[in-house]
Amino acid sequence: MSGLFWWRRGRPKGLIILMLIIVFCLINPANVLGEGNFTLSDQEKELLKILPQFLFSIPNALADQKNQYQLNQPMGVALDEATGNIYVSDSRNIICVFDSGGLFLGSFGSFGKKPGQFNTPVSLHINQENKLLYVLDQRNFRVQIFSLDTIVFNNESKVKTEDEDIEESTKAKKPKTKMKPKTVIPLPEGTVAQLGEQAFIKRKGRAIHTRSSAVISDAFGKMIVLNGGSHRILIYGKEGEFLTKFSTFGKDKYKLRLPASFDLAVVGYVDNLGRKKERIQYYIADSMNRRVMVVTEKGDFLFAIGAKEEKKAYFSRPMGIAVDKSGKIYVLDTLTAEVSVFDQEGNFILAFGQEGDLYEKLYLPFRIAVNDKAKRLLITDQGNNRVMVYNLGVPQQ
């Protein structure tokens, strides 16, 4: 007994009670915690099935311990279904290529205006059927299209850090890129006012430049460009010929305000006569209106997510968007570092992501991409200089 009283004398009473509870839980935890507290509901189980699970980040030190490299504010990202390779556009005006496990394979491109060179390659898209890589070369006002079958890397053993790149440029010329595009398609250049558009924003007396922000293509080979500066979608044919455009600047449900990115999906619907049909729908991250706009390929408004009048959800700054083949919509909010997932009708399902610089966290994420065949979800975590790779959840039944 004297020993027990000595043990109590130097310790707070609350600590003694806590230690006794821990010991009792270890002996028989079910009596204290209850078995039912660890049982998930059927709805929670279904949500866990579709919740993307974090796998690794790129750079992936575990996959590539010998070849040191570093991304610098990655922008666009795309995945090649045939090889599993991941393509990442870097702010140093290069395209970095990694294998499916995050191993660095090489890079191509450099700064400049010549074919195969870039000035802010802000968006990437891969047409899986035609094996083509689309690079939106923003400040060169063009889209460069490369064949995935003829990728040629730069003459370098690794991607250099920004400091190494500057140091080397003072000693010798950079190696010339060997990678040449298959096609170069020019985009509108100049300010909105110079191009004859009447509706444009002015900030401090200067007209907004008509720089494009994203590029995708459809199964028919048409190229679709989101021109954030003029708040429009531009559609081009197989040979790069301009076909049409739609939308303009504004806050109402038919207009856009500095849209950041978009995606498309083929969706089944029933027309006014009760016939089942399919159509292409565009899903647009309308960043300054803090919403997602869903329109037909002709620009007809369908519905919005995040619009105040519909009160479905609210975003701070939606910058990335992707749609999988089951119709789920993934919206990346840059300011909250969160991904919200909706069904094909715009109903909220779940959200994931948290701001920070540690493992699995995001800081100023920029773009998102999904690939159903590879079961991957990719996010360019720009503030942390990495790409986050997730296992895509199973489709909803």
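What counts as what
Residues numbered from 1 in each chain as written. Predicted model: local features only at pLDDT ≥ 70, side-chain atom pairs only at ≥ 80, totals over all residues. Heavy atoms only, no water. Helix = DSSP H or I, 4+ residues; strand = E, 2+ residues; numbered from the N terminus. Buried < 20%, exposed > 50% of the residue type's maximum accessible area, 1.4 Å probe, protein only. Contact = heavy atoms within 4.5 Å. Areas by Shrake-Rupley, 256 points an atom, 1.4 Å probe, with all protein chains shown as cover. Pairing = 2+ DSSP bridges. Axes fitted to C-alpha atoms, helices over the stretch in contact; angles between N-to-C directions. pLDDT = per-residue confidence, 0-100. Core = buried A, V, L, I, M, F, W, Y, C linked by side-chain atoms within 4.5 Å. Salt bridge = Lys/Arg side-chain N within 4 Å of Asp/Glu carboxyl O. Phe/Tyr/Trp six-rings, centres within 6.5 Å; stacked < 30°, edge-to-face > 60°. Lys NZ or Arg CZ within 6 Å of the ring centre and 35° of its normal. Patch = residues over 30% accessible without salt bridge, like charges linked within 9 Å, V, L, I, M, F, W, Y side chains within 5 Å. Polar contact = N/O pair within 3.5 Å; in protein donor to acceptor, adjacent residues only side chain to side chain.

### Points about the overall build of the protein
- Scanning the protein from terminus to terminus reveals 5 helices and 26 strands.
- For the protein, with 397 residues in total, the buried portion stands at 49%.
- Look at the contacts in the protein between residues 6 or more apart in sequence, and 49% of them connect residues 24 or more apart.
- When the accessible surface of the protein is summed, it comes to about 21000 Å², and 52% of that surface belongs to carbon and sulfur atoms.

### So, the sheet that holds strand S16 (residues 261-270)
- Here 4 strands make up an open sheet; going across it, the order is S16-S17-S18-S19 and the pairing antiparallel. The two strands at the open ends of the sheet, each matched to only one other strand, are S16 and strand S19 (301-305). Pairs of neighbouring strands in the sheet enclose a mean axial angle of 25 degrees, with direction left out of account.
- In the sheet, strand S17 (residues 276-286) pairs with strand S18 (residues 291-296) via 6 bridges, with the strands oriented antiparallel. Bridge assignment links Ile284 to a residue of S18, and that residue is Met293.

### Considerations on the confidence of the model for the protein
- Averaged over all residues, the pLDDT of the protein is 81; the fraction at 70 or higher stands at 74%.
- Every residue in residues 169-175 scores below 50 in pLDDT, and together they form 3 contacts with partners more than four places removed in sequence or on other chains.

### Here we look at the nonpolar core
- Among the nonpolar cores identified, the biggest contains 19 residues, and Tyr330, Val339, Phe352, Ile368, Leu377, Ile379 and Tyr390 are the most heavily contacted of them.
- Mapped by element, the contributors of at least two residues to this core are strand S21 (329-333), strand S22 (338-342), strand S23 (348-352), strand S24 (367-371), strand S25 (376-381) and strand S26 (386-391).
- When sequence neighbours within four positions are dropped, the list of residues in contact with Val339 reads Tyr330, Val331, Leu332, Leu350, Ala351, Phe352, Ile368 and Ile379.

### Focus: the sheet that holds strand S8 (residues 142-147)
- On the basis of which strands lie adjacent, the open sheet formed by 4 strands has the order S6-S7-S8-S9 and antiparallel pairing. Two strands in the sheet have a free side with no partner beyond their single neighbour: strand S6 (121-127) and strand S9 (183-186). Within the sheet, the average angular offset between the axes of one strand and its neighbour, ignoring direction, is 20 degrees.
- Where S8 and S9 come together, 4 bridges link them in antiparallel fashion. Counted as the bridge partner of Gln144 is Val184 from S9.

### Quick look at the pattern of salt bridges
- Inspection of every chain in the model, using the stated rule, returns 9 salt bridges.
- Between Asp90 and Arg92 there is a salt bridge, with its nearest N and O atoms 2.8 Å apart. Neither residue differs from the other here; Asp90 and Arg92 are each classed as buried.
- As a salt-bridge pair, Asp324 and Lys328 come within 3.0 Å of each other at their nearest N and O atoms. Side by side, Asp324 and Lys328 carry an identical accessibility label, which is buried.
- The network of salt bridges with shared partners includes Asp218, Lys222 and Glu297.

### Overview of the pairing of strand S4 (residues 94-98)
- Taken across its 5 residues, S4 has 5 buried, putting it largely inside the fold.
- Here S4 shows a buried face lined by Ile94, Cys96 and Phe98 and a second buried face lined by Ile95 and Val97.
- As paired strands, strand S3 (residues 86-90) and S4 are joined by 5 bridges and run antiparallel to one another. From the neighbouring strand, Ser89 faces S4, where its bridge partner is Ile95.
- Connecting the antiparallel pair S3 and S4 is a turn made up of 3 residues, with Asn93 showing a positive phi of about 65 degrees.

### With respect to the packing of aromatic side chains
- For the coordinates displayed, the defined rule picks out 12 aromatic pairs.
- Across the ring face of Tyr269, the terminal group of Arg279 is positioned such that the distance to the ring centre comes to 4.1 Å.
- The ring of Phe366 carries Arg367 above its face, with NZ or CZ at 4.1 Å from the centroid.

### A word on a nonpolar patch on the surface
- Taken together, the side chains of Leu335, Tyr363 and Leu364 present a nonpolar region at the surface, about 260 Å² in accessible area.
- If you trace the backbone, Tyr363 turns up in the loop between S23 and S24.

### With respect to the side chain of Asn384
- Turning to its location among the elements, Asn384 is positioned in the loop between S25 and S26.
- From its side chain, Asn384 meets the backbone oxygen of Gly356 in a polar contact 3.0 Å long.
- A distance of 2.8 Å separates polar atoms of two side chains, one belonging to Asn384 and the other to Asp381.
- With near-sequence residues (within four places) excluded, Asn384 lies in contact with Gly356, Asp357, Lys361, Leu362 and Tyr363.

### Description of the environment of Val323
- Relative to the helices and strands, Val323 is located in strand S20 (residues 318-323).
- Given the relative accessible area of 8%, Val323 is considered buried.
- With near-sequence residues (within four places) excluded, Val323 lies in contact with Asp263, Ala265, Tyr283, Lys328, Ile329 and Val370.

### Concerning unusual backbone geometry
- Geometrically, the link from Ile58 to Pro59 is a cis peptide bond, its omega value of 5 degrees lying close to zero.
- Here Lys131, not a glycine, exhibits a phi torsion of approximately 55 degrees, which is positive.
- Note on placement: Lys131 falls in the loop between S6 and strand S7 (132-137).
- Residue Lys131 is classed as partly exposed on the basis of its relative accessible area, which comes to 38%.
- Of note, the phi angle at Leu258 is positive, near 50 degrees, even though the residue is not glycine.

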